There are 2 protein chains.
Amino acid sequence: MLAILLDPASEKAMYIQIYEYIKEEILSGRLAYHEKLPSARSLAAFLQVSRATVDTAYEQLVAEGYVEPKPKRGYFVNSLEEFTWKPTPKNNLRNTLSGSHQKDHPAQKNDSPFEHSKTKTDERSPRPYTTPHWLYDFNPDAIDTAHFPYSIWKSLGKNELDQSDNFLMGENLGEPSLRSAIADYLHGSRGVLCSPDNIVVGAGLSHLLQMLCVLFDEKPSIAMEDPGYISARKLLTAGGCRIIDIPLKGGSLDAASLEDTDAKICYVTPTHQFPLGAVMPINRRQKLLQWASKEKGRYIIEDDHDSEFRYTGRPIPALQSIDKENRVIYIGTFSRAVSPALRTGYMVLPPALMEKYREKCGSIACPVPRWDQNILARFITEGYFEKHLNRMRKIYKNKHDFMVEQIRRYFPEDQFRISGDNAGLYVLLHYTGPIPEEEIEKRAEKNGIRLRSLKGYYASLSADYHPTCLLGFADLSEADMEKGLALLAHEVFLLPEPCPSESGLSAH
Amino acid sequence: MLAILLDPASEKAMYIQIYEYIKEEILSGRLAYHEKLPSARSLAAFLQVSRATVDTAYEQLVAEGYVEPKPKRGYFVNSLEEFTWKPTPKNNLRNTLSGSHQKDHPAQKNDSPFEHSKTKTDERSPRPYTTPHWLYDFNPDAIDTAHFPYSIWKSLGKNELDQSDNFLMGENLGEPSLRSAIADYLHGSRGVLCSPDNIVVGAGLSHLLQMLCVLFDEKPSIAMEDPGYISARKLLTAGGCRIIDIPLKGGSLDAASLEDTDAKICYVTPTHQFPLGAVMPINRRQKLLQWASKEKGRYIIEDDHDSEFRYTGRPIPALQSIDKENRVIYIGTFSRAVSPALRTGYMVLPPALMEKYREKCGSIACPVPRWDQNILARFITEGYFEKHLNRMRKIYKNKHDFMVEQIRRYFPEDQFRISGDNAGLYVLLHYTGPIPEEEIEKRAEKNGIRLRSLKGYYASLSADYHPTCLLGFADLSEADMEKGLALLAHEVFLLPEPCPSESGLSAH
């Protein structure tokens, strides 16, 4: 049996303490290759922790490749040989499948939540380094992948990989089939006025913003919503643009705030402000369009990031759809509606910018593999995309409603307020009680709960800021939402349980 | 019958005149929907041109969708309805498959040679606009796609599209499996010293250069070979860098030329200078490395663009492989070795830059879809890549040898010189005779021959420049190489035919 000294008062969750102890034993050689670990059940009994705590620790060790599960036999220590980086002899590509990861790989700081997803333990592929799993990750960037029509995508994929044309260079603006499908979709569902000739296909938002930076000869000053999309801010800065942070008023940007600035471009998320979640009202939209039309060279970047998922009221047409002066650059991606791994987005450029794009960037190849563009084009034109969106809208609405219901159940209204709950894949939970945000974050982490504070999206924090977190629900089951929220209420905010415990939180 | 007035003295090739006449007839409505065109044989007899000329014109009309071929029945005029852009009603994606291209689509200026490849005339997908085909396109950027192992790629693809993990966000630097495969390949075949942790996967050279521009806080002055890679030059300029053009000496860059400049970075193609084709000798390589190590923050970008295909002598190890001071940024792509449509490249960063990359760009997602990365990783690690390279090396060597042999046959040595003929997918043909380059280009175009002049790769033309063209051979059959070169010799350079005509050039 493993004599692990657990410290219940530690900052570290129990399962992390177990995971780290066993990892150290393996790395030091004290637990040898092929040695069998105690069963999760017996170790849990021995350590007086819940079975789930040991399971989580073991899963993490498996995910990182320290330990191998053998069906019906238990967990065994893996050969460490495989973790040492060995240069391979020349012209010997075949035998170098494993062994490409260093033993003491430094922890990668990476905010991407998907890094923590379960990893295959396929013998053929090297094991990616992963930081320990969170028990409950309320990730606002996650999507539900359980309901994606994989078999349809695969069958379209088989077909496209059969076309040898797809292996030749395609059009630099993107496949005509895809641009045409996007134009039809945007017109039909978002009211966007465009033809396929106005559309540039790119690799997600970051790549499209980089292309915009290339497009502008004189790097413009760009007004951005504060709070807002921090990655976009960083990228535009790196591309040579100066950012002017515009504090939001009542949840959206007021063009009056632009008047005294030298902003040439204004970057907004009018359909669903990121991260606050508000809709920009029509009078502000008109004011913003007026601002743009007042001076030559002014443009609005409309980032229509998760317009697909709206649960109450009518769909809100894009800002671009009421722009009569050709001042809106409309940007969208398929990251939420299809898959973030597809890395495909698009922008609709006003005619003058499109002309400039052809001139300055026309010789730069579209970064999306041609077959993927054609798979996506067929996914859209053959109706699967619409069907998938309709289905996901229902699924997300149910998850959203359940989430809101559970928040109402566990968090009393006198100290907690929900907002941003009409659309998108997360809600905001505002807290006006006495616990400081740092303490909230520390406690959450200790309990294996991953929270994102609204604070992180501000360039300069407003004076009336209260602790607020973004609670994503897209990839959580109802059971996990409930358990996670109960844990958050009980262990982090120290709230009494609203009803007899039914959430099985014995491990904590 | 169509009374087409052909002008043999026109700038335009015969087949273009026929194509344009019929297109105009269709657009004006004089040739109505469903009307049958005369058979190619009868129209050729009527117009007194070769059958091939009419065939080429008809093919172009089919490719652009004006005309539809019906097996055993002939060619029929297509409905123009399909070419008119119609906005679609809301939420009605299904019925919008065709009809997304405008009738009067402005001609797209696009240098990509693949634009001219045959396009599918699938009813479901909109027809891309294409400029008229060239009869002979000696495209230096082309690759041979006839011998790609499509069935293997497809079967790997089917497998990867089955993994739902591939639809979740992957690692931002690129899939560990792919970075590991690239590290092994580069070490084995190019001597490059790297681990998977030094590798960043990106979407082709242009995207990687854009990322480098983001990486450098103070935009550096970059020394570039002149002549050199013009697109890279443009991109780096757009990214805020200043370019210093360094005239080559004896075909390669001499680091002595950098001494009086403020260059921080030097961009070179040492294995196969693009476009001249020379190898940078070892003493110049050492001098260049010394230059870089002399001052903090100096780096060399090694663009190892077509190192895979070398026909004489031993393979030349990468400059990076002899760099002891960590000054070389090594960049490569799979565009030539696998497919330009894959849009996948990589860079190997020195440790200091890698650290900076993680810090500054670590939150930017890898632009290559996750499944494509894993298909490629398995293509490499399972040995298919090496097999494919070995096979293509033989095929290209045969094409190359045939090309050189035919050039020697048609172009006399007193006026023509071949160079750059040890590697890569094109050779250079230098001309010292009296015809000015403009005249050569005009005559070539009129005869349907697409040439790329070396002139276009110079920032400032050297005084001893003579008309020179890059003759690519990768996607040409032996028959086309011979016919094209014969036509070039006879019609453009007005050389006598070296032997009785056997190339069937009656149409010209």
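Caption draft 1: Summary view of the overall build of chain A. Within chain A, the regular secondary structure consists of 13 helices and 15 strands. Burial status across chain A gives 61% buried among its 508 residues. Of all intrachain contacts in chain A linking residues separated by at least 6 positions in sequence, the fraction that spans at least 24 positions is 70%. Counting every atom, chain A has about 20,500 Å² of accessible surface; 49% of that belongs to carbon and sulfur.

Caption draft 2: Spatial organisation of the side chain of arginine 327 of chain B. Residue and element names in this part refer to chain B. Inspection of the secondary structure puts arginine 327 in the loop between strand E8 (299–303) and strand E9 (328–333). Of the side chains with opposite charge, glutamate 325 comes closest to the buried, unpaired arginine 327, at an N-O distance of 5.5 Å. Reaching out from arginine 327, the side chain makes a polar contact with the backbone oxygen of alanine 292 at a distance of 3.3 Å. If sequence neighbours within four positions are ignored, arginine 327 has contacts with Ala292, Ser293, Glu295, Lys296, Gly297, Arg298, Tyr299, Ile300 and Pro350.

Caption draft 3: Broad picture of the pairing of strand E7 (residues 265–268) of chain B. Residues and elements named next belong to chain B. Side-chain alternation along E7 places Ile265 and Tyr267 on one buried face and Cys266 and Val268 on a second face that is also buried. Pairing between strand E5 (residues 221–226) and E7: 3 bridges, direction parallel. The residue of E7 that forms the bridge with methionine 224 is tyrosine 267. The pairing of E7 with E8 spans 4 bridges and is classified as parallel. Residue pairing in the sheet places cysteine 266 in a bridge with isoleucine 300 of E8. Note that the unit made of E7, helix H8 (residues 282–293) and E8 has a crossover that is right-handed.

Caption draft 4: Looking closely at helix H10 (residues 370–381) of chain B. Taking 1.5 Å per residue, 12 residues should reach 16 Å; H10 of chain B reaches 16 Å between its end C-alpha atoms and fits that length. For H10 of chain B, the complete set of buried residues consists of Arg370, Trp371, Asp372, Gln373, Asn374, Ile375, Leu376, Ala377, Phe379, Ile380 and Thr381 of chain B. Its buried side turned inward, H10 of chain B meets helix H4 (150–160) and helix H10 (370–381) of chain A together with helix H4 (150–160), helix H5 (176–190), strand E4 (199–202) and helix H11 (384–410) of chain B. One or two residues past the end of H10 of chain B sits glycine 383 of chain B, with phi positive at roughly 90°.

Caption draft 5: Examining the packing of aromatic side chains more closely. Scanning all chains against the criterion turns up 50 aromatic pairs over all chains. Taking the centre distance of 5.2 Å and the plane angle of 65° together, the rings of tryptophan 153 of chain B and phenylalanine 379 of chain B count as edge-to-face. Of this pair, tryptophan 153 of chain B sits in helix H4 while phenylalanine 379 of chain B sits in helix H10; the two residues are 226 residues apart in sequence, bridging distant segments of the chain. Its relative accessible area of 0% is what places tryptophan 153 of chain B among the buried residues. Residue classification places phenylalanine 379 of chain B among the buried residues on the basis of a relative accessible area of 0%. Ring geometry for tyrosine 229 of chain B versus phenylalanine 274 of chain B: centroids 5.7 Å apart, planes at 90°, classification edge-to-face. Of the two residues, tyrosine 229 of chain B is situated in the loop between E5 and helix H7 (230–238) and phenylalanine 274 of chain B in the loop between E7 and H8; the sequence distance between them amounts to 45 residues. Through a chain of ring-to-ring contacts, three or more aromatic side chains come together here, namely Phe148, Tyr150, Trp153, Tyr185, Phe334, Tyr346, Phe379, Tyr384 and Phe385 of chain A together with Phe167 and Trp371 of chain B. Positioned above the aromatic ring of phenylalanine 76 of chain A is the side chain of lysine 70 of chain A, whose terminal nitrogen or guanidinium carbon lies 5.0 Å from the ring centre.

Caption draft 6: Layout of the sheet that holds strand E5 (residues 221–226) of chain A. Residues and elements named next belong to chain A. If you trace the 7 strands from one edge of the open sheet to the other, you get E4-E10-E9-E8-E7-E5-E6, paired in mixed fashion. Every interior strand has two partners, whereas the edge strands, strand E4 (199–202) and strand E6 (242–247), have only one. Within this sheet the neighbouring strands show an average axis-to-axis angle of 20°, counted without direction. Its contacts with the sheet place helix H6 (residues 204–215) against E4, strand E7 (265–268), strand E8 (299–303), strand E9 (328–333) and strand E10 (345–348), and it is angled at close to 150° to E9. Helix H9 (residues 351–361) contacts E4, E8, E9 and E10 of the sheet and is inclined by roughly 55° relative to E4.

Caption draft 7: Looking closely at the sheet that holds strand E15 (residues 468–472) of chain B. Residue and element names in this part refer to chain B. Sheet architecture is open: 4 strands sit in the order E11-E12-E15-E14, paired in antiparallel fashion. If you trace the sheet from one side to the other, it starts and ends with strand E11 (416–419) and strand E14 (452–453), each paired once. Pairing analysis gives 4 bridges linking E11 to strand E12 (residues 426–431), with the strands arranged antiparallel. In the strand pairing of E12, isoleucine 418 is matched with leucine 429.

Caption draft 8: Structural detail: the packing of helix H5 (residues 176–190) of chain A against H10 of chain A. All names here are of chain A. In the contact formed by H5 and H10, the axes pass within 8 Å of each other and the chain directions differ by 35°. The way H5 lies across H10 gives a crossing that is left-handed. From H5, Ser177, Leu178, Ala181 and Tyr185 reach across to H10, where they touch Gln373, Asn374, Leu376, Ala377, Ile380 and Thr381. Within the contact of H5 with H10, the residues separate by chemical class into 6 nonpolar, 4 polar and no charged.

Caption draft 9: Examining the side chain of aspartate 144 of chain B more closely. Residues and elements named next belong to chain B. If you trace the backbone, aspartate 144 turns up in the loop between strand E3 (136–137) and H4. The buried category is assigned to aspartate 144, whose relative accessible area is 7%. Within polar-contact distance, the side chain of aspartate 144 engages the backbone nitrogen of alanine 146 at 2.8 Å. Those residues in contact with aspartate 144 that sit more than four places away from it in its chain are Met392, Ile395, Tyr396, Lys399 and Ala474.

Caption draft 10: Quick look at the pattern of salt bridges. If you walk through the whole model with that rule in mind, you get 44 salt bridges over all chains. Across the pair lysine 399 of chain A and aspartate 144 of chain A runs a salt bridge, and its minimum N-O distance is 3.0 Å. In this pair, lysine 399 of chain A is assigned in helix H11 (residues 384–410) and aspartate 144 of chain A in the loop between strand E3 (136–137) and H4, connecting sequence segments 255 residues apart. Residue class for lysine 399 of chain A comes out buried when judged on its relative accessible area of 13%. The partner of arginine 443 of chain B in a salt bridge is glutamate 439 of chain B, and the shortest N-O contact between them spans 2.9 Å. Separated by 4 residues within a single helix, arginine 443 of chain B and glutamate 439 of chain B lie in helix H12 (residues 437–446), roughly one turn from each other. Where salt bridges share partners, they join Asp137, Arg450 and Arg452 of chain A into one cluster.

Caption draft 11: Examining the environment of phenylalanine 148 of chain B more closely. Residues and elements named next belong to chain B. Here phenylalanine 148 lies in the loop between E3 and H4. Its relative accessible area of 7% is what places phenylalanine 148 among the buried residues. With 243 residues separating them along the chain, phenylalanine 148 and arginine 391 place their C-alpha atoms 9.6 Å apart.

Caption draft 12: Structural detail: the environment of aspartate 401 of chain B. All names here are of chain B. Inspection of the secondary structure assignment puts aspartate 401 in helix H11. For aspartate 401, a relative accessible area of 32% gives the class partly exposed. Linking aspartate 401 and valine 62, residues 339 residues apart in sequence, is a C-alpha distance of 35 Å.

Caption draft 13: Structural context of the confidence of the model for chain A. Residues and elements named next belong to chain A. Looking at chain A as a whole, its pLDDT mean stands at 84, while 86% of the residues score no less than 70. Taken as a whole, residues 82–132 scores under 50 in pLDDT and shows 123 contacts with residues more than four places along the chain or in a different chain. In the predicted complex, the global pTM is 0.74; the interface-specific ipTM is 0.71.

Caption draft 14: Representation of helix H12 (residues 437–446) of chain A in the model. Residue and element names in this part refer to chain A. Within the sequence span of H12, burial applies to Glu437, Ile440, Arg443 and Ala444. The buried residues of H12 all sit within an arc of 130° when viewed along its axis, so they share a single face. Relative to its buried face, H12 has exposed residues pointing more than 90 degrees away, namely Glu438 and Glu445. Positive backbone phi, at 75°, marks glycine 448, one or two positions downstream of H12.

Caption draft 15: How the structure looks around a negative patch on the surface. Taken together, the side chains of Glu11, Glu438, Glu441 and Glu445 of chain A define an acidic patch exposed on the protein surface. Looking at the element boundaries, glutamate 445 of chain A is found in helix H12.

Caption draft 16: The arrangement of the pairing of E9 of chain B in detail. Residue and element names in this part refer to chain B. Across the 6 residues of E9, 6 count as buried, placing the element largely inside the fold. On E9, burial covers both faces: Val328, Tyr330 and Gly332 on one face and Ile329, Ile331 and Thr333 on the other are all buried. Alignment of E8 against E9, held across 4 bridges, turns out to be parallel. Each residue of the ladder has a partner; that of isoleucine 300, found in E9, is valine 328. Pairing of E9 with strand E10 (residues 345–348), which is carried by 4 bridges, proceeds in the antiparallel orientation. Across the sheet, residue tyrosine 330 finds its bridge partner in E10, namely valine 348.

Conventions adopted
- Residues numbered from 1 in each chain as written.
- Chains lettered and ligands numbered in written order.
- Predicted model: local features only at pLDDT ≥ 70, side-chain atom pairs only at ≥ 80, totals over all residues.
- Heavy atoms only, no water.
- Helix = DSSP H or I, 4+ residues; strand = E, 2+ residues; numbered from the N terminus.
- Buried < 20%, exposed > 50% of the residue type's maximum accessible area, 1.4 Å probe, protein only.
- Contact = heavy atoms within 4.5 Å.
- Areas by Shrake-Rupley, 256 points an atom, 1.4 Å probe, with all protein chains shown as cover.
- Lys, Arg positive; Asp, Glu negative; His and termini not counted.
- Salt bridge = Lys/Arg side-chain N within 4 Å of Asp/Glu carboxyl O.
- Polar contact = N/O pair within 3.5 Å; in protein donor to acceptor, adjacent residues only side chain to side chain.
- Pairing = 2+ DSSP bridges.
- Right-handed = clockwise from strand over helix to strand, strands pointing away.
- Expected span 1.5 Å × (residues − 1).
- Phe/Tyr/Trp six-rings, centres within 6.5 Å; stacked < 30°, edge-to-face > 60°.
- Lys NZ or Arg CZ within 6 Å of the ring centre and 35° of its normal.
- Axes fitted to C-alpha atoms, helices over the stretch in contact; angles between N-to-C directions.
- Left-handed = near helix turned anticlockwise from the far one by under 90°.
- Nonpolar A, V, L, I, M, F, W, Y, C, P; charged D, E, K, R; others polar.
- pLDDT = per-residue confidence, 0-100.
- Arc of directions from axis to C-beta.
- Patch = residues over 30% accessible without salt bridge, like charges linked within 9 Å, V, L, I, M, F, W, Y side chains within 5 Å.
- Charge placed at Lys NZ, Arg CZ, Asp CG, Glu CD.

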